[in-house]
Number of protein chains: 2
Amino acid sequence: MGNCKITFHPGGQEAVVSEGTDLLAAAIAVGAQIPNSCGGKGACGECKVVVREGKVVTESSRWLTEEEIKTGYVLACRTTVVGDMQVEIPAESRLEGGKILTETRGDERLADFSSKPEDVVEGIVPEGRALFTPSAMTTKRFLRLPSPTIDDNISDLDRLYREIRQWRNIPQLHIDLASIRRLGGLLRESNWQVTVTIGQRNGITEVIQIESGDTSRRNYGIAADIGTTTVVASLIDLNNGSVLGTKAAHNRQILYGPDVITRIVYAEKEGGLGVLHRAVVDTLNDLISAQATEHRIQLNDVTALVLAGNTTMTHLLLQVDPRHLRRDPYVPTTNFASVIQAVESGIKINPRGWVACMPGVSSYVGGDITSGVLASGIEEMAQPAMLIDLGTNGEIVLGNREWMVCCSASAGTAFEGRGARCGPRSVQGVRIDDRNYEVVCTTTGDTTPVGICGSGYIDALAELLRTGIVDRQGAIRPGITPRARQHNGTSEFVMVWAKESGTSRDIVIPQPVIDNLIRAKGAIYSGAKVLAGQVGLTLQDIDKIYIGGGFGNYLNIEKAIWIGLLPDLPPERFEFIGNSSIAGAKLALLSQEAMREADEIAGRMTNIELCAEPSYMGEYVSSLFLPHTDINLFPSVKQLLGI
Amino acid sequence: MGNCKITFHPGGQEAVVSEGTDLLAAAIAVGAQIPNSCGGKGACGECKVVVREGKVVTESSRWLTEEEIKTGYVLACRTTVVGDMQVEIPAESRLEGGKILTETRGDERLADFSSKPEDVVEGIVPEGRALFTPSAMTTKRFLRLPSPTIDDNISDLDRLYREIRQWRNIPQLHIDLASIRRLGGLLRESNWQVTVTIGQRNGITEVIQIESGDTSRRNYGIAADIGTTTVVASLIDLNNGSVLGTKAAHNRQILYGPDVITRIVYAEKEGGLGVLHRAVVDTLNDLISAQATEHRIQLNDVTALVLAGNTTMTHLLLQVDPRHLRRDPYVPTTNFASVIQAVESGIKINPRGWVACMPGVSSYVGGDITSGVLASGIEEMAQPAMLIDLGTNGEIVLGNREWMVCCSASAGTAFEGRGARCGPRSVQGVRIDDRNYEVVCTTTGDTTPVGICGSGYIDALAELLRTGIVDRQGAIRPGITPRARQHNGTSEFVMVWAKESGTSRDIVIPQPVIDNLIRAKGAIYSGAKVLAGQVGLTLQDIDKIYIGGGFGNYLNIEKAIWIGLLPDLPPERFEFIGNSSIAGAKLALLSQEAMREADEIAGRMTNIELCAEPSYMGEYVSSLFLPHTDINLFPSVKQLLGI
């Protein structure tokens, strides 16, 4: 099969892809962002583009009006590339200004960076969590060595070590052969004034590089969240812990499948692992280099990187075969890896710089979740707390300073897609009048909406339930209002009429989207319930529930309870912790204590495989009601619905 | 300049060398061994070969008879290659059966290998030295892992570590990314039965390799002595500590200079360092592969190598620029290196196997001497003991369990060359009748001699002194006997007349050889005296003197005292310790305790630069007499000579 060149306008990105690739994949490959809540399944109708030139091989779709079809509109995910094309991404499909959640929590666990390590008093923040001493993964130190004399002619390396030890008492230092080979010349050319970069890994301290002169002010690190859908990277000054910037992009692996299972399948193909490895590394490299350029930083001065990802992402990033992750009994090859040299990973920072992965627990509870626990501090709490990470998989951790259990509940893509990067023109809050069923939408950016956020769907479903437009099984009852209608044999609810929308069509919630959402919320809730049951608790016993994942702070807790996604607890027990994956990575980058804590957290978490829990399937089925088969579990909703 | 092909008979070795190379260098390059006591300076006349075919460009030499010249004899070191040649190494020049000292001491410091580490009681051998627990640098262990189930689905790596920890309690284990990448497939293909090779370096324990099935019986190591002139390697079974064999060869670096200074000069040339690095690595690789073949061992099963060499040799082997070693203030780039992977060094054992260098002290007291101290146990003795290593440099260590000092006295080539590999047809003992000056030689192998050993020269000089044939300045007195004669304006003493020799010429000791020997012995003695003075002792205070180096056990202690090489102490205070360089390397290979002890020894030794000691030059000049200017330092010799 030949290669075809696809040019995307107005950005001008050019993708060279094999014949047979779909247009959405081609766009993602070159960073031309097109919304696709459903991950490219043709189910959301968001990925509308206009083909300006080139042969069009596409499928018909209910999402396209006849007029749109006439003017060249296609769904990118349903269009197959068979030759060169010129493609326009129309205004309503553009994601400029779209936002991948990059806010983080966890900074309050780190002691003041300006204080010296020896000055930090072991502190306790109000929640009873220990304060980590700042000590970045890599540190630079400028050294003036005395020139050798006949009375002081110890070896160059001993001289260097002696000076390092006058700064810090490090009994065992390590240096690699390549550095030794350069040492004699470098010290003399530098007139014995050099900057050493040192770091701790695997319990020993290493000299990572030696530079001529004083470069100690230029030492940077990257904390990265490697998600199945998105990759987020923060550039951090390791001298003071300040975040210089954060950038996000789609994970280019999307080209090869929307979720971890399809990626694993792809990785099993001949050469597939290498392709996926390069795709995510390229995504990350672009984010890093863009920030380095923006902040006028040399990549060589980036000496450390900590990344947090789910277990599949970590395997793919390290180019470790993930095939056994998806097969009973779901065994990862590794849940942790030693800190490696950047050059081994293909990540373009200083080649001798260090790359560390946050440790994971099991095939479906990865380093991103350990990171989340670290950021939230559950592992040090007196009372039981829960972390729920709402993504493609809903990972759940329950624990306190004594014990921790975790599981992963497959939520599908219901909480991913557009929801994860709630753009400036999305419906994110909904109120339905219970007399006339009119809909009042809150839109991000206060403009006319072009789509619906994940949080908007949850809000809408809660309102539809409250107003009786859907029943407790989630079925849309036709006839109550013109908004509840049939279209091509499927029920749907019109959220925004075409005339009020930023597109030329009605913005609707179709029945399948509701069904999908119910399955997703059912998986999460029943997972949490089974997990609590494992340690003899009920969900009511949980003191605090931390919400992480793509929703950010947009999720309306009350309405998430109405639909039965979250347990019926007082609102003050819930807390949003943003992108806790990158938050934990940042902590580990800036504090070796935090990194050790992460290792301990991963080691302490007991993984529960829900599929092997006899009670899980029953709980899941009971959760496929709104809010639940057993309404008594949701007293506030019982009252709301007047049952 | 073109390349020329030189074929050496009867061995059939073929050297391809640049035009202008000398024949001796060409021979050494391909391992065709030709004696050359003087290191290729035309001074010893030993490197006689016969050119059978090819153009001869050579210098005339007093060592060749007219008849020899007619039949094509040349000195290899004085013959320049200008085209292809067929060269025969005549019987008297062959080194077959020649012996590089490979005997070692030090085994008595190692506890019984068959005992388990935990069973070894900290023992003390009679001399008061601690016993090292056997624990080889690398160990193999066969593991049967339970197959994963849904109730036991920890990661592959955790499963492996769990099993390792059931064998040994190792809190922190390390494994490299390449091994992790292969792990998932390997475990399953092996039906969960694998052999791990683990080792400790830099204070952490690493999984070096993982093999399918049970290979635990096949684990071998190499202990090597990397000398300026010779390389010796022992193949050792790491499961029981037994030495399977020892082989020796000339260091192929001889092609680029006979001593460390000329090698350093060569290394400073463009590309020179790489050439010298490969030369010594090739020498070692040939020794290793020859033994592997002989014992039917796969190189992949050789997983550890410990080498001991002087500081220049260690730098060249690790390909570290040695240029500063020879320049005031004589600074090595490194006296130690972390354990490296074999693949980094170019040494052909298992590429993931480990290579460790014995740590050195200074530019002229290297890992070979640390090794010697380790083998002799000086560092644990109650009374002061001395180690004298008689080689190109005479390194001297003086110390006990409280303190240690060391120095290096440049002895030139007097104790090297043929002396270091006393062949089966060399004079090694001499007795001169004090009435008729007839000479009785003891010859190795009881055959007619073809040359003189280093120990033979010392014996001869002592006898020449005792009988008055040489005076106390070492000058041959002509006329006493026809053996003491003039030849081409130089005095010489005929040790073996042509008719009794295995060659067609007289075997003689020329005056320059005696002068050289006196300078060498003077350097050693005065070095030892200055060293003792540094700690407020006299040589009489030394309880034990260990003699290491090429002489092996052939050195006649009494006669070495006569000429003033060794101090005038009772014979029972001297002990030969053979090739203590390889002995220490073997200890370090077989016991991690011994390796740690070597690090401590190197750290404890205080290096004295003789050139910076004001007293040294005076002591040296005083030592250029036989036995010494101050005869009272040698009461037994005073009595012998009746002074």
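Residues numbered from 1 in each chain as written. Chains lettered and ligands numbered in written order. Predicted model: local features only at pLDDT ≥ 70, side-chain atom pairs only at ≥ 80, totals over all residues.

Brief notes about the overall build of chain A
The test is simple: The way it works is that DSSP assigns letters per residue, a run of H or I at least four long becomes a helix, a run of E at least two long becomes a strand, and they are numbered from the N terminus. The globule rule used here is 2.2 Å times the number of residues to the 0.38 power, and the radius of gyration it is set against is calculated over C-alpha atoms. Field definition: a residue is buried when 20 or more other C-beta atoms are found within 10 Å of its C-beta, exposed when 12 or fewer are, and partly exposed for counts in between, with C-beta atoms placed from the backbone. What counts as a contact is two residues whose backbone-derived C-beta atoms lie within 7 Å of each other.
The number of helices and strands found in chain A is 16 helices and 29 strands. For 643 residues, the compact-globule estimate of 2.2 N^0.38 gives 26 Å, and chain A sits close to it at 26 Å. If one aligns the C-alpha atoms of chain A with their principal axes, the spans along those axes are about 100 × 60 × 45 Å. Counting over 643 residues, chain A shows a buried share of 53%. Relative to all contacts within chain A whose residues are 6 or more apart in sequence, the contacts with residues 24 or more apart total 67%.

Regarding the relation of the copies chain A and chain B
As a reminder of what qualifies: A least-squares superposition brings the copies together, and it is based on the C-alpha atoms of residues with pLDDT no lower than 70 in both.
Overlaying chain A on chain B yields an RMSD of 0.2 Å, the required transformation being a rotation through 180° with an accompanying axial translation of 0.1 Å. Look at the turn and shift together and you get a two-fold axis relating the two. Closest approach to the rotation axis among the C-alpha atoms of chain A is made by I204 of chain A, whose C-alpha sits 4.0 Å away. The fraction of interface residues of chain A whose copies in chain B are also interface residues reaches 100%, indicating that both copies meet through the same surface.

A few points about the confidence of the model for chain A
All names here are of chain A. Put simply, the rule is: For every residue, the predictor assigns a confidence score, pLDDT, that lies between 0 and 100.
Across chain A, pLDDT averages 88, with 90% of residues at or above 70. Note on residues 95–99: pLDDT under 50 across the span, and eleven contacts to partners over four residues away in sequence or across chains. Predicted confidence for residues 116–129 stays below pLDDT 50, and this span has 23 contacts to residues more than four positions away or in other chains. Quick note on the complex model: pTM equals 0.84, ipTM equals 0.84.

Considerations on the environment of L640 of chain B
Residues and elements named next belong to chain B. Mapped onto the secondary structure, L640 falls in helix α16 (residues 635–641). Taking the C-alpha atoms as reference, L640 lies 20 Å from V440; in sequence the two are 200 residues apart. Apart from the residues within four sequence positions on either side, L640 is in contact with R466 and W562.

Let's talk about the domain arrangement of chain A
Residues and elements named next belong to chain A. Under the convention used in this document: Boundary definitions for the domains trace back to an automatic or database domain assignment. Amino acid classes used here: Ala, Val, Leu, Ile, Met, Phe, Trp, Tyr, Cys and Pro are nonpolar; Asp, Glu, Lys and Arg are charged; the rest, including Gly, are polar.
As far as domains go, chain A holds domain 1 (3–93), domain 2 (137–218) and domain 3 (220–357). Of note, the centres of domain 2 and domain 3, computed from C-alpha atoms alone, are 30 Å apart. At the junction of the two partners, domain 2 supplies ten residues and domain 3 supplies 14 residues. At the level of elements, β10 (193–201) and β11 (204–212) are the ones that each hand at least two residues to the side of domain 2 that touches domain 3. Residues belonging to the side of domain 2 that touches domain 3 are distributed by class as follows: two nonpolar, five polar and three charged.

Looking at the interface of chain A and chain B
Taken together, the contact pairs 40 residues of chain A with 40 residues of chain B. Of all elements in the fold, only α3 (156–167), β9 (173–175) and α4 (177–189) of chain A reach the threshold of two or more residues within the side of chain A that touches chain B. No other element matches the six residues that α4 of chain A contributes to the side of chain A that touches chain B.

Concerning the sheet that holds strand β20 (residues 404–410) of chain B
Residues and elements named next belong to chain B. Worth spelling out the cut-off: DSSP calls a pair of strands paired once it identifies at least 2 bridges connecting them. Every angle, taken between N-to-C directions, lies between 0 and 180 degrees, and every axis is a line fitted to C-alpha atoms, over only the stretch in contact when it is a helix.
If you trace the six strands from one edge of the open sheet to the other, you get β28-β27-β18-β19-β20-β29, paired in mixed fashion. The sheet is open, and its two edges are formed by β28 (574–578) and β29 (605–607), each paired on a single side. Going from strand to strand, the sheet's axes swing by 25° on average, the running direction of each strand aside. By the bridge criterion, six bridges tie strand β18 (residues 385–390) to strand β27 (residues 544–549) in an arrangement that is parallel. Bridge pairing in β27 links D389 to G548. Taken strand by strand, helix α9 (residues 367–376) contacts β18, β19 (393–399), β20, β27 and β28, and its axis lies near 135° from that of β18.

Side note on the sheet that holds strand β7 (residues 85–88) of chain B
Residues and elements named next belong to chain B. Strand order in the open sheet formed by five strands is β2-β1-β7-β3-β5, and the pairing between neighbours is mixed. Edge strands, defined here as strands with exactly one partner in the open sheet, are β2 (13–18) and β5 (73–75). Between one strand and the next, the sheet's axes are offset by a mean angle of 35°, whatever the strand orientation. Pairing of strand β1 (residues 3–9) with β2, which is carried by six bridges, proceeds in the antiparallel orientation. If you follow F8 over to β2, its bridge partner there is Q13.

Some points on unusual backbone geometry
As a rule of thumb, non-glycine residues mostly have phi less than zero, and peptide bonds are mostly trans rather than cis. With an omega dihedral of 5°, the bond running from D328 of chain B to P329 of chain B counts as a cis peptide bond. Each neighbour pair has its own omega, and for L626 of chain B with P627 of chain B the value is -10°, a cis peptide bond. Position of P627 of chain B among the secondary structure elements: in the loop between α15 (614–622) and α16. Within the chain, Y437 of chain A stands out as a residue other than glycine whose phi angle is a positive 60°. With respect to the element layout, Y437 of chain A can be found in the loop between β21 (426–432) and β22 (439–443). Judged by the 18 C-beta atoms lying within 10 Å of it, Y437 of chain A falls in the partly exposed class. Despite not being glycine, R296 of chain B has its phi angle at roughly 50°, a positive value. Position of R296 of chain B among the secondary structure elements: in the loop between α6 (272–294) and β15 (302–309).

Regarding the pairing of strand β22 (residues 439–443) of chain B
Residue and element names in this part refer to chain B. Residues V439, C441 and T443 point to one face of β22 and are all buried, whereas V440 and T442, pointing to the other face, are not buried. As defined by bridge partners, strand β21 (residues 426–432) adjoins β22 across five bridges and the pair is classed as antiparallel. Bridging across to β22, V427 finds its partner in T443. The turn linking β21 back onto β22 is made up of six residues, and Y437 within it adopts a positive phi angle of 60°.

Considering the environment of I601 of chain B
Residues and elements named next belong to chain B. When you line up the elements, I601 lands in helix α14 (residues 592–604). Separated by 222 residues in sequence, I601 and E379 place their C-alpha atoms 6.8 Å apart. When neighbours within four sequence positions are excluded, I601 is seen to be in contact with T370, V373, L374 and E379.

So, the packing of helix α11 (residues 511–534) of chain A against helix α15 (residues 614–622) of chain A
Packed helices, taken two at a time, are described by their axes: the angle between them and the distance between them. All names here are of chain A. So the rule is basically this: By the definition adopted for this analysis, an angle is roughly parallel if under 35 degrees, roughly antiparallel if over 145, roughly perpendicular if from 65 to 115, and oblique otherwise. Left-handed describes a crossing in which the near helix is turned anticlockwise from the far one by less than a right angle; the clockwise case is right-handed.
Interaxial distance between α11 and α15 falls to 9 Å at its minimum, and their mutual angle equals 140°. On the basis of their axis angle, the class for α11 and α15 is oblique. Relative to α15, the crossing made by α11 is right-handed. Residue-level contacts link G522, A523, S526, K529, V530 and G533 of α11 to S615, Y616, E619 and Y620 of α15. For the contact of α11 with α15, the per-class residue count stands at four nonpolar, four polar and two charged.

Things to note about the environment of G533 of chain A
With respect to the helices and strands, the residue G533 of chain A is situated in helix α11. Once the C-alpha coordinates of G533 of chain A and S615 of chain A are considered, the two residues, 82 residues apart in sequence, prove to be 9.5 Å apart.

Regarding α3 of chain A
All names here are of chain A. Rules: Each residue after the first adds 1.5 Å to the expected span of a helix. When we speak of the arc, we mean the arc of directions from the helix axis to the C-beta atoms.
The end-to-end C-alpha distance of α3 is 17 Å, a good match for the 16 Å that twelve residues give at a rise of 1.5 Å each. D156, L157, R159 and L160 are the residues of α3 that are buried. Looking down the long axis of α3, one finds its buried residues gathered within 165° of arc, a one-sided arrangement. Facing away from the buried side of α3 by more than 90 degrees, the exposed set consists of R165 and Q166. Buried residues in α3 make contact with β9 and α4.

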